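A structural walkthrough
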Amino acid sequence: MRIKIGKVESYIYEKLEKEKLHFVLLDPDDVSPEVAAELAKMSEELGVDAIMVGGSTGAEGEILDNVVKSIKENSNLPVILFPGSHGGLSKYADALFFMSLLNSTNPFFITGAQALGAFRVKQYKLEPIPMAYLIVEPGEAVGWVGDAKPIPRHKPKIAAAYALAGQYMGMRLIYLEAGSGAPKHVPNEMIKAVKSVLDVPLIVGGGIRTYQDAREVAQSGADIVVTGTAVEKAGSLEKAQKILENLVKGVKEVKP
Ligand code: 1GP
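Description of the structure in this document. (Residues numbered from 1 in each chain as written. Predicted model: local features only at pLDDT ≥ 70, side-chain atom pairs only at ≥ 80, totals over all residues. Heavy atoms only, no water.)

In this section: the site of the ligand. Near the ligand, the surroundings consist of 13 residues, among which Glu177, Ser180, Gly181, Gly228 and Thr229 are the closest. The side chain of Tyr175 places a nitrogen or oxygen atom 2.9 Å from an oxygen atom of the ligand. Here an oxygen atom of the ligand sits 2.6 Å away from a polar atom, N or O, in the side chain of Ser180. By residue class, the composition of the shell around the ligand is three nonpolar, nine polar and one charged. (Near = heavy atom within 4 Å. Polar contact = N/O pair within 3.5 Å; in protein donor to acceptor, adjacent residues only side chain to side chain. Nonpolar A, V, L, I, M, F, W, Y, C, P; charged D, E, K, R; others polar.)

So, in structure tokens, the structure goes:
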């Protein structure tokens, strides 16, 4: 019996052979379907590789469905759900990060929400991509909501140990998360330490705002760089375009 790798996951692996990837995260709590449509179009034009949709508070039901539908109608990029719990599912998406918050102190976020959501994932025919999710200080809203014991910023070895454990548990992606809107991204030393032990792709997000941030995160070893706030809170579409252009450049200039 063979493990089936779905379309979106294959797309990710194939692209990673040639380049570092940049995913844009849109939180339905912060963007309307109309703005999401504009940002998705812009992302596709600027060379972003996928759109993630989710958030820790309020990204559920009709609000979530409408944002996902609007992105799908306006771009060809894969839409990957980034659920805060079993509520964060939409049948209009292509795939979801089937994530376990490994350093949560609450089993609900490690296996509970996953069990509650599993049948719906099947019913909606969503492609689940198994992912270990690790919260690094400060952790922001997701750290608080997810009852995380955030990994101290000056302890790269703890992050590496959790990441490797995630890989050994069968996770096919590892996500280091400083939290959406974090004042600083995950430290470069920590990214390097985690990357040095992994054989599966590493995703890094939280607090990445500039060309320089994106570049150093990619250079330190992130295979996939995620940005959300920088574009969502840019203030205008013109400003968002400039910021996103620089972020994509920072990621794509670093060769794998
Ligand atoms: C949050 O890692 C993502 O889950 C993105 O963070 O909003 O800070 O870019 P930002």
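There is more to say, and it comes next.
Before going further, it helps to spend a moment on the packing of aromatic side chains. On inspection of all chains with the given rule, the structure shows four aromatic pairs. Seen in terms of ring centroids, Phe82 and Tyr175 are 5.3 Å apart; in terms of plane orientation they differ by 20°. Their pairing is stacked. A residue pair is termed long-range when its members are at least 10 positions apart, and Phe82 in the loop between β3 (79–81) and β4 (95–101) and Tyr175 in strand β6 (residues 173–177) qualify at 93 residues. In this structure, Phe82 and Tyr175 share a single accessibility class: buried. Among the aromatic residues, those joined into a ring-pair cluster are Phe82, Tyr133 and Tyr175. For the cation-ring pair, Lys69 lies above Tyr92, with the distance from its terminal atom to the ring centre recorded as 4.8 Å. Geometry around Tyr211 places Lys249 over its ring, the cationic atom sitting 5.4 Å from the centre. (Phe/Tyr/Trp six-rings, centres within 6.5 Å; stacked < 30°, edge-to-face > 60°. Helix = DSSP H or I, 4+ residues; strand = E, 2+ residues; numbered from the N terminus. Buried < 20%, exposed > 50% of the residue type's maximum accessible area, 1.4 Å probe, protein only. Lys NZ or Arg CZ within 6 Å of the ring centre and 35° of its normal.)

Bringing the pattern of salt bridges into the picture now. What the rule picks out here adds up to 10 salt bridges. As a salt-bridge pair, Lys15 and Glu19 come within 3.8 Å of each other at their nearest N and O atoms. Asp94 serves as the salt-bridge partner of Lys72, at 2.8 Å between the closest nitrogen and oxygen. With Lys72 in helix α3 (residues 61–74) and Asp94 in the loop between β3 and β4, this residue pair connects regions lying 22 residues apart in the sequence. Taken together, the shared-partner salt bridges in this structure form one network comprising Lys15, Glu19, Asp49 and Lys252. (Salt bridge = Lys/Arg side-chain N within 4 Å of Asp/Glu carboxyl O.)

Moving on: the packing of helix α7 (residues 188–197) against helix α8 (residues 211–220). One way to put it is that α7 packs onto α8 with a least axis distance of 8 Å and a crossing angle of 30°. Here α7 is positioned roughly parallel relative to α8, judged by the angle of their axes. Side by side, α7 and α8 meet where Asn188, Ile191, Lys192 and Lys195 of the first sit next to Glu216, Val217 and Ser220 of the second. (Axes fitted to C-alpha atoms, helices over the stretch in contact; angles between N-to-C directions. Parallel < 35°, antiparallel > 145°, perpendicular 65-115°, else oblique. Contact = heavy atoms within 4.5 Å.)

A word on the sheet that holds strand β8 (residues 224–227). Hydrogen bonds between backbone atoms are what pair the strands of a sheet, whose relative direction is either parallel or antiparallel. Around the barrel, eight strands lie side by side as β1-β2-β3-β4-β5-β6-β7-β8; this closed barrel has parallel pairing. For this sheet, the mean inter-axis angle between neighbouring strands, taken without regard to orientation, is 30°. The pairing of β3 with β4 spans two bridges and is classified as parallel. Looking at the pairing, Leu81 lines up with Leu96 of β4. Across the face of the sheet, helix α10 (residues 237–252) comes into contact with β1 (21–26) and β8 while running at roughly 145° to β1. (Pairing = 2+ DSSP bridges.)

This part covers the nonpolar core. Ile174, Leu176, Val186, Val194, Leu202 and Val204 are the most contacted members of the largest nonpolar core, which totals 31 residues. When residues of this core are traced back to their parent elements, those giving at least two are β5 (127–135), α6 (156–168), β6, α7, β7 (202–205), α8 and α10. If we ignore the near neighbours within four places in the chain, the residues touching Val194 are Ala159, Ala160, Ala163, Leu176 and Leu202. Counting residues in each nonpolar core, the second largest holds 28 residues, with Leu64, Ala93, Val121 and Ala234 among its members. (Core = buried A, V, L, I, M, F, W, Y, C linked by side-chain atoms within 4.5 Å.)

Glancing now at the pairing of β4. Counting buried positions along β4 yields six of seven residues, so the element is predominantly enclosed. One ladder, built from seven bridges, connects β4 with β5; its direction is parallel. Along β5, the bridge assignment pairs Phe97 with Ile129. Handedness of the β-α-β unit built from β4, helix α4 (residues 107–123) and β5 comes out right-handed. (Right-handed = clockwise from strand over helix to strand, strands pointing away.)

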